[in-house]
Amino acid sequence: ANQIAEEEASAASHKELNERQEASLAKEQQLAEQLKEIEAKLSEATTMKDEVNSELGTHKAASLEKQEEQTKVCDDLQVKIKTLEASQTAEEEASAASQKELS
């Protein structure tokens, strides 16, 4: 009777151990699935970040190009203004000299 009780206790212990192992395995599988989901989300987020950075880089390049164009236009206008001012000054001096000769 004692041996039967020990065998039953041993069987119960093995059964409990098997149940724990199965629960542990199930938990491990659940964690593995969660890890895969997290890795997929991380990959997606990294891809989105790369796309945003790429668009930002393109935008910055376009903005810089536009700024350079605007600077060139301003420089050209400044040259034209100085040329016109010099021309106007020359005309005023010629006119003054002409007025002086007439009088």
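Notes on the structure follow.

Rules used in this analysis
Counting from 1, residues in each chain are numbered in the order their sequence is written. Local features are withheld for residues below a pLDDT of 70 in this predicted model, meaning they are given only at 70 or higher, and side-chain atom pairs are given and counted only at 80 or more; totals for whole chains, interfaces and linings count all residues. Hydrogens are left out, water is left out, and the side-chain values use all remaining heavy atoms of the structure. Where helices and strands are cited, they refer to DSSP runs of H or I of at least four residues and of E of at least two residues respectively, numbered from the N terminus. Here the radius of gyration uses the C-alpha set of atoms, whereas the globule reference equals 2.2 Å times the residue count to the power 0.38. Exposure was quantified through the Shrake-Rupley algorithm and a 1.4 Å probe, taking into account, for residues, occlusion by the shown protein chains and nothing else. Charged residues are defined narrowly, with Lys and Arg counted positive, Asp and Glu counted negative, and His plus the chain ends left uncounted. For the purpose of locating charges, the reference atoms are NZ of Lys, CZ of Arg, CG of Asp and CD of Glu. Exposure above 30% relative accessible area and no salt bridge define the residues that can form patches, which grow by joining like charges within 9 Å and nonpolar side chains of Val, Leu, Ile, Met, Phe, Trp and Tyr within 5 Å. One side-chain nitrogen of Lys or Arg within 4 Å of one carboxyl oxygen of Asp or Glu is enough to make a salt bridge. For every residue, the accessible area obtained with a 1.4 Å probe (protein chains only) is divided by the maximum for its type, and the residue is called buried under 20%, exposed over 50%, and partly exposed between those limits.

1. What to know about the overall build of the protein
Counting its regular elements, the protein contains one helix and zero strands. Relative to a compact globule of 103 residues, whose C-alpha radius of gyration would be 13 Å, the protein shows 44 Å and is clearly more extended. Seen through its principal axes, the protein has C-alpha atoms that stretch 150 × 15 × 10 Å. Approximately 9,600 Å² of the protein is accessible, and the part contributed by carbon and sulfur atoms is 55%. Of the charged side chains in the protein, 12 are positive and 24 negative, and the gap between their average positions amounts to 5 Å.

2. Describing the environment of Gln70
Topologically, Gln70 is positioned in helix α1 (residues 2-102). Each C-alpha atom of the pair Gln70 and Gln99 lies 42 Å from the other, and the pair is 29 residues apart in sequence.

3. Regarding a nonpolar patch on the surface
Taken together, the side chains of Val73, Leu77 and Ile81 make up a nonpolar region of the molecular surface, amounting to roughly 270 Å² of accessible area. Along the polypeptide, Val73 turns up in helix α1.

4. Some thoughts on the pattern of salt bridges
Applying the stated criterion to the full structure yields two salt bridges. Between Arg20 and Glu16 there is a salt bridge whose closest N-O contact spans 2.6 Å. Remark: Glu16 and Arg20 occur in helix α1; sequence separation between them is four residues, near one turn of the helix. Note on Glu16: relative accessible area 39%, which makes it partly exposed. In this structure, Lys72 and Asp76 form a salt bridge, with 3.2 Å as the shortest nitrogen-oxygen distance. Within this pair, Lys72 and its partner Asp76 are both found in helix α1, separated by four residues, close to a single helical turn. Classification of Lys72 as exposed rests on a relative accessible area of 53%.

5. Structural notes on the environment of Ser63
Along the chain, the position of Ser63 falls in helix α1. Sequence separation of Ser63 and Leu17 is 46 residues, and the distance between their C-alpha atoms is 67 Å.

Geometric descriptors of this kind do not, in isolation, establish any biological role.
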